[in-house]
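What the coordinates show
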Amino acid sequence: MAVRNETRVTEFLLLGISSNPDVQIIIFVMFLAMYSLAIAGNLLIMITIYVDSQLHTPMYFFLSNLSFIDLSFATVTIPNFLANVLKQSSTISFRDCIAQVFFLHLFGGAECFHLSLMAYDRYVAICNPLRYTTIMNRQACLLLVVSTWAAGLFHASAQALPSSQLPFCGPNEIDHFFCDALPLSLLACSSTFISETTAIINSGLITLICFLVVSISYAYILSTVLKIRSSEGRRKTFSTCASHLLVVTLFFGPSVFIYMRPSVKFAGDKMVSVFYAIVTPVLNPCIYTLRNKKVKSAMKRLGGRKVSLLEMQKN
Ligand SMILES: *[C@@H]1O[C@H](CO)[C@@H](O)[C@H](O)[C@H]1NC(C)=O
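Remember, it's a predicted structure, so these values are computed and weren't measured experimentally. (Residues numbered from 1 in each chain as written. Predicted model: local features only at pLDDT ≥ 70, side-chain atom pairs only at ≥ 80, totals over all residues. Heavy atoms only, no water.)

1. Thoughts on empty space enclosed by the protein
What counts, and what does not: Cavities and pockets were defined on a 1 Å grid built over protein atoms only: a cavity is a set of grid points that admits a 1.4 Å probe from which the probe cannot escape, a pocket is an open set flanked by protein on both sides within 12 Å along at least five of seven lines, and lining residues are those with an atom within 4 Å of any such point. Grid points are joined across faces, edges and corners, and a volume is the space filled by probe spheres set on the points. Secondary structure counts use DSSP, requiring at least four H or I residues in a row for a helix and at least two E residues in a row for a strand, with both numbered from the N terminus. The nonpolar class holds Ala, Val, Leu, Ile, Met, Phe, Trp, Tyr, Cys and Pro. Asp, Glu, Lys and Arg form the charged class, and all remaining residues, Gly among them, are polar.
Following the criterion strictly, the structure yields four cavities of 30 Å³ or more and no others. Considering only enclosed or pocket space, the second largest cavity measures out at about 50 Å³ in volume. Forming the boundary of the second largest cavity are A158, Q159, P162, S163, L166, A181, S185, S195, T198 and A199. Looking at the lining of the second largest cavity, the elements with two or more residues in it are α5 (138-165), α6 (181-185) and α7 (193-227). The leading source of residues in the lining of the second largest cavity is α5, at four residues. Per-class residue counts for the lining of the second largest cavity are five nonpolar, five polar and no charged.

2. Observations concerning the UniProt feature "transmembrane region" (unreviewed entry) in the protein
Test applied: UniProt positions are given in the numbering used here, feature names are shortened, and annotations may be inferred rather than shown by experiment.
Under the UniProt annotation, "transmembrane region" (unreviewed entry) lies at residues 25-47, 59-78, 98-120, 140-158, 200-221, 242-260 and 272-290. Within residues 140-158, the helical portion is 100% and the strand portion 0%, while the C-alpha atoms at the span's ends are 27 Å from each other. Secondary structure content for residues 200-221 is 100% helix and 0% strand, while the C-alpha to C-alpha distance between its ends is 31 Å.

3. Looking at the environment of L153
Test applied: We call two residues in contact whenever any of their non-hydrogen atoms come within 4.5 Å of each other.
With respect to the helices and strands, L153 occurs in helix α5. Residues L153 and A110 lie 43 residues apart in sequence; the distance between their C-alpha atoms is 7.9 Å. Filtering out sequence-adjacent residues up to four positions away, L153 remains in contact with F102 and L106.

4. Comments concerning the packing of helix α2 (residues 58-87) against α5
Going by this rule: Only the contacting stretch of a helix is used when fitting its axis, a line to C-alpha atoms as for every element, and angles between N-to-C directions run 0 to 180 degrees. Roughly parallel means an angle under 35 degrees; roughly antiparallel means over 145; roughly perpendicular covers 65 to 115; every other angle is labelled oblique. Put simply, a crossing is left-handed when the front helix is turned counterclockwise from the back one by less than a right angle, and right-handed when it is turned clockwise.
At a minimum axis separation of 11 Å, α2 and α5 run at an interaxial angle of 20°. Considering the angle they form, α2 stands roughly parallel to α5. Note that α2 runs across α5; the crossing there is right-handed. Between α2 and α5, the contacting residues are P58, F61, F62, N65, F68 and I69 on the first element and R138, C141, V145 and W149 on the second. For the contact of α2 with α5, a count of residues per class yields eight nonpolar, one polar and one charged.

5. Some remarks on the site of the ligand
Short version of the rule: Whether a residue is near a molecule or strand depends on its heavy atoms: it is near if one of them lies within 4 Å of it. Counted as a polar contact is a pair of N or O atoms within 3.5 Å, where, for protein atoms, one must be capable of donating a hydrogen and the other of accepting one, and residues adjacent in sequence contribute only when both atoms are in side chains. In short, Shrake-Rupley with a 1.4 Å probe defines the accessible areas, and a residue's cover is counted only from the protein chains shown.
With respect to spatial proximity, the complete set of residues near the ligand consists of F61, S64, N65, R138, C141, L142 and V145. Here an oxygen atom of the ligand sits 2.4 Å away from a polar atom, N or O, in the side chain of S64. Summarising the interface, the protein chains cover 74% of the accessible area of the ligand, which totals 360 Å² for the free molecule. Listing elements by their share of the shell around the ligand, those giving two or more residues are α2 and α5. With four residues, α5 is the largest single contributor of residues to the shell around the ligand. Here the shell around the ligand is composed, by residue class, of four nonpolar, two polar and one charged.

Structure representation (structure tokens):
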């Protein structure tokens, strides 16, 4: 192989979502609003669950963890994108780009495993109610949560390390609004077959495994729910699971679309990324709070507590 006279790329240019300035302003305002909502909603959930002792059960701890993951996931891509629109420049250094790939997959992977964990938790609670407290004891919960993070860490390293080893000699334009392993590998000047394949297999396999765990858990849950005699009990159980299933669909739909196919570019890719980068983190807290009576009443109590504190200060 001939050695080419190459200059190494040290910066990338993120082309963003649209080059039309008017469209850019609309997108900026929309993203800013959605990001603020994601921060506020998820923080509110975490605070409510932390403060209210009635919500100190595994399901709500997992929910709180999910909010933390959602918050971090949105923070990896959105603030940088907003800053780029403001600065009117969209360069990102090689190091930051790799860091973005790493954290994107750390939180994305953690979310994926966490959704499986929540499905498993519901499976035990509904199909094995008598043994629930022994199976989901404090230690087991902690171990499960730590495992989801460990798995996320492993997944993220397996995505970011190969990307960081790719040689880049130009062009350096990434047709996306954040760095991800696949768009990056399209720019490498060596054969990217191996790195592309590992990226796809890694993400695709993980998405598939989580999806299977979730589907199997809910299949069991569904068959148990259908056997419940009282229609009130059936409705209640069903309603909890319906909100979980909605969240799961919102997350896996786009992931499957992006990762579980050969790396041909689709025009819809960026829109799908917008969906999972920002829409999912906003919708998760909405779905859980709007549908969950216990969380709603805990939030009311939280509000009441604040009011009484203020009144105490006045007196
Ligand atoms: C995450 O889950 C663990 C285990 O249930 C819990 O101890 C911890 O408080 C949770 N963390 C957050 C931020 O909710």
